[in-house]
There are 2 protein chains.
Amino acid sequence: MSQYGIRPSAQRVAIARYVLATDQHPTAEQVWSRVRATFPTVSRATVYNTLQLFKQHGLLLEHELGGGSAVFDPNVEPHHHFVDDETGEIRDIPWSAIAVGDVQLPDVQVREYSVVVRGRRADAP
Amino acid sequence: MSQYGIRPSAQRVAIARYVLATDQHPTAEQVWSRVRATFPTVSRATVYNTLQLFKQHGLLLEHELGGGSAVFDPNVEPHHHFVDDETGEIRDIPWSAIAVGDVQLPDVQVREYSVVVRGRRADAP
DNA sequence: CTCAGATTTAGACTTAATCTACATCTGTTG
DNA sequence: CAACAGATGTAGATTAAGTCTAAATCTGAG
């Protein structure tokens, strides 16, 4: 973590161990709740601050995909997303799984783009 | 409006006149604020309820594209979105402007998909 | 006209997220 | 090692979006 210029405090390490390893796309509140299991005194503000810090240093991406709250994703490579209409669950889709042609818009410098897919599990009841 | 089985109360007409005609992608709070200018007694609950009603009847789409709040869009045809990193402004992109290949995911029934593009205006300071 | 059901209202409530003021920790310097 | 400054963390207040509730009002069928 220090390679990124982030001082590895105990709180930050506890947060990192969870959020940099999960593929669950947790919300900030879910991260807080999860981290408190092993670090009961960690405050909400520290979790929110640390998530923003990780994001600023390129360790995390923050997505808003519905459900009313932002989720965090340690997969910082370009990829697409699937959102389950019924459960809200989010799944990463590999970049190569969807072919997207040139994205050029008049008067726009494109920084990034991705496809958001919504639907349901084929075997859902 | 009655063709859709929606009783056209004065409040609903006032809301519809704004939100079904705009391309500004307003949030619910912005709709409320805008409608109050011509209908000062309309309540927040009515605006929220009516937006959901219009959405359920296919007159509106609701998008979450960052900025922390949902926006409403009377353009219900498939299309993509551009989000300005600096202003948060949202612009519709015609479906035909971006070529997207087959979207097929294992064990998933796809209901819809679209591309979200982020960047800045080319002439921004 | 009456009344049941639909609609609206004001305000309380919930939740995510941010902010603030103070406390604590840590690395550096003497 | 001790002291200090800056970085980090804390609890709790605050804000903002959105939802809910109970009561009031409207509307149209009979």
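What you are looking at is a predicted structure, and each value in this text was computed from that prediction instead of being measured.

Colleague: Looking at this structure, how should I read the pairing of strand S5 (residues 108-121) of chain B?
Modeller: Remark: a regular strand shows side chains that alternate across the two faces of the sheet. For strand S5 (residues 108-121) of chain A and S5 of chain B, the ladder comprises 13 bridges, and the chain directions are antiparallel. Residue pairing in the sheet places Arg 118 of chain A in a bridge with Glu 112 of chain B of S5 of chain B. Looking at chain direction, strand S3 (residues 79-84) of chain B and S5 of chain B are connected through four bridges and run parallel. Bridged to Val 83 of chain B within S5 of chain B is Arg 118 of chain B.

Colleague: Honestly, the interface of chain A and chain B in this entry has me stumped. Any pointers?
Modeller: In many reports, interface size means the accessible area that the parts give up when they come together. In this assembly, 34 residues from chain A lie in contact with 34 residues from chain B. Both faces considered, chain A and chain B share a buried interface measuring about 2700 Å² in area, 51% of it formed by carbon and sulfur atoms. The largest contributions to the chain A side of the interface with chain B come from Glu 64, Gln 109 and Arg 118 of chain A, which together make up 21% of the buried area. Seen at the junction of chain A and chain B, the total is four salt bridges. Across the salt bridge formed by Arg 111 of chain B and Asp 85 of chain A, the nearest N and O atoms sit 2.7 Å from each other. Across the chain A-chain B interface, the total number found is 18 residue pairs in polar contact (both at pLDDT 80 or more). The set of elements that each furnish at least two residues to the side of chain A that touches chain B consists of strand S4 (90-94) and S5 of chain A. When residues in the side of chain A that touches chain B are grouped by element, the largest group, 14 residues, is from S5 of chain A. Residues belonging to the side of chain A that touches chain B are distributed by class as follows: 16 nonpolar, eight polar and 10 charged.

Colleague: Looking at this model, I keep getting lost on the protein's contact with DNA strand D. Mind explaining?
Modeller: If you check the shell around DNA strand D, you find 17 residues, and the closest are Ser 9, Gln 11, Ser 43 and Thr 46 of chain A together with Ala 70 of chain B. When atoms of DNA strand D within 4 Å of the protein are sorted by moiety, sugar and phosphate together comprise 80%. Between DNA strand D and the protein, one listed contact pairs a phosphate oxygen with a backbone N or O atom of Ser 43 of chain A at 3.1 Å. Backbone polar atom of Ala 70 of chain B to a phosphate oxygen of DNA strand D: 3.0 Å apart, as the coordinates give it. Listed by contribution, the elements that provide at least two residues to the surface near DNA strand D are helix H1 (10-19) and helix H3 (44-56) of chain A together with helix H2 (28-36) and helix H3 (44-56) of chain B. For the surface near DNA strand D, the element with the most residues is H3 of chain B, which contributes three residues. Of the residues in the surface near DNA strand D, the class split is six nonpolar, six polar and five charged.

What counts, and where the lines are drawn
- Residues numbered from 1 in each chain as written.
- Chains lettered and ligands numbered in written order.
- Predicted model: local features only at pLDDT ≥ 70, side-chain atom pairs only at ≥ 80, totals over all residues.
- Heavy atoms only, no water.
- Pairing = 2+ DSSP bridges.
- Helix = DSSP H or I, 4+ residues; strand = E, 2+ residues; numbered from the N terminus.
- Contact = heavy atoms within 4.5 Å.
- Buried area = accessible area lost by both parts, 1.4 Å probe.
- Salt bridge = Lys/Arg side-chain N within 4 Å of Asp/Glu carboxyl O.
- Polar contact = N/O pair within 3.5 Å; in protein donor to acceptor, adjacent residues only side chain to side chain.
- Nonpolar A, V, L, I, M, F, W, Y, C, P; charged D, E, K, R; others polar.
- Near = heavy atom within 4 Å.

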